[in-house]
Amino acid sequence: EEPYYEAIGDEIDLFRTETGAVIPAGAGLAARAFTAGKAVWSADTLNDPRIEFNPVMREYIARSGNGSMMAVPLRVHEDAIGMLTLTDRTGRVYSQSEVDLVQAFADQVALALQNAQLYEQSESQLRRMEALREIEKAITSTLDLPSVLRVLLERIDVFLPFSAGTTTRLFDPATG
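Attention here is on the structure that accompanies the text. Quick caveat: nothing in here was measured; it's all calculated off a predicted structure.

Tracing the sequence through the fold places D48 in the loop between strand 4 (40-42) and helix 2 (55-64). Engagement of the side chain of D48 in a polar contact is seen with the side chain of R50, the distance being 2.6 Å.

Next comes the structure, spelled out in structure tokens:
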């Protein structure tokens, strides 16, 4: 099985492979690049004393024959938001101009990801504002309580981004 990396907890301090092995921060080339905040590369990662791998990662790289790697942070305003990794046959040496080119590409990818995220946030905010407008319109246009509650319950999902059950209970002072 190919390893994948998943952040554990709120901080990136541990990584887990698909098989469940936990990798300490700084282990593997991508984690080193993320920690360093800059591109890191090696022509032979398995024999590079600066790079630590767990047995699952080491076995995967050895099987693939792609021991030459470059890991480049996806940066937005100098903050790393992800990683771009490249692999090639063991022994492949990356020139500084190649590293610079990949970093420039990674910076553009990070900017595109951030723009997409900002766009999604703007669209979400717009949906919330439209829902509030519909609720406000229902409240001010009718005194029919079931109609107002129907609109409220139909639009509440915009404010609750998870599956939820809703119960509406109204207190009747006359009957208690």
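Let's shift gears to the nonpolar core. Among the nonpolar cores identified, the biggest contains 10 residues, and these are A39, M70, V72, L74, V76, Y94, V99, V102, A106 and A110. Looking at this core, the elements that each hand over two or more residues are strand 5 (68-76) and helix 3 (96-141). Residues L29, V40, M57 and I61 belong to the second largest nonpolar core, which totals 9 residues.

Strand-to-strand pairing in sheets goes through backbone hydrogen bonds, with the strands running parallel or antiparallel. Overall, antiparallel pairing links the 3 strands, which are arranged 4-5-6 in an open sheet. Among the strands making up the open sheet, the edge pair consists of strand 4 and strand 6 (79-88). The sheet shows a mean angle of 15° between the axes of neighbouring strands, taken without regard to direction. Along the sheet, helix 3 makes contact with strand 4, strand 5 and strand 6, crossing strand 5 at roughly 40°.

Scanning the model with the defined rule gives 6 salt bridges in all. Here R92 and D88 are joined by a salt bridge, their closest N and O atoms 3.2 Å apart. The residue E98 makes a salt bridge to R92 at a minimum N-O spacing of 3.0 Å. Overall, the relative accessible area of 27% leaves E98 in the partly exposed class.

Moving on, we come to the environment of A39. With respect to the helices, strands and loops of the structure, A39 is situated in the loop between helix 1 (29-36) and strand 4. Along the backbone, A39 and A71 are 32 residues apart, and their C-alpha atoms lie at a distance of 5.7 Å. Excluding its chain neighbours within four sequence positions, the residues that come into contact with A39 are A71, V72, P73, V99 and Q103.

Rules and cut-offs
Residue numbers here run from 1 along each chain, matching the order of that chain's written sequence. In view of the model being predicted, local features appear only for residues whose pLDDT reaches at least 70, and side-chain atom pairs are presented and counted only at 80 or more, with totals across whole chains, interfaces and linings using the full set of residues. Calculated side-chain values reflect all of the structure's heavy atoms, with hydrogen atoms and water omitted. Helical segments are the DSSP runs of H or I of at least four residues, strand segments are the runs of E of at least two, and each set is numbered from the N terminus. Any pair of nitrogen or oxygen atoms within 3.5 Å is treated as a polar contact; in protein, a donor-acceptor pairing is required on top of that, and neighbouring residues in sequence qualify only through side-chain atoms on both sides. Definition used in this section: a nonpolar core is a set of buried Ala, Val, Leu, Ile, Met, Phe, Trp, Tyr and Cys residues joined via side-chain atoms within 4.5 Å. A 1.4 Å probe rolled over the protein chains alone gives each residue an accessible area, and that area as a share of the maximum for its type sets the label: buried under 20%, exposed over 50%, partly exposed in between. By definition, two strands form a pair when at least two bridges between them are found by DSSP. Between the N-to-C directions of two axes lies an angle of 0 to 180 degrees, each axis being a line fitted to C-alpha atoms and, for a helix, fitted only over the stretch in contact. By definition, residues are in contact when any of their heavy atoms lie within 4.5 Å. Basic side-chain nitrogens of Lys or Arg form a salt bridge, by our definition, when they fall within 4 Å of a carboxyl oxygen of Asp or Glu.

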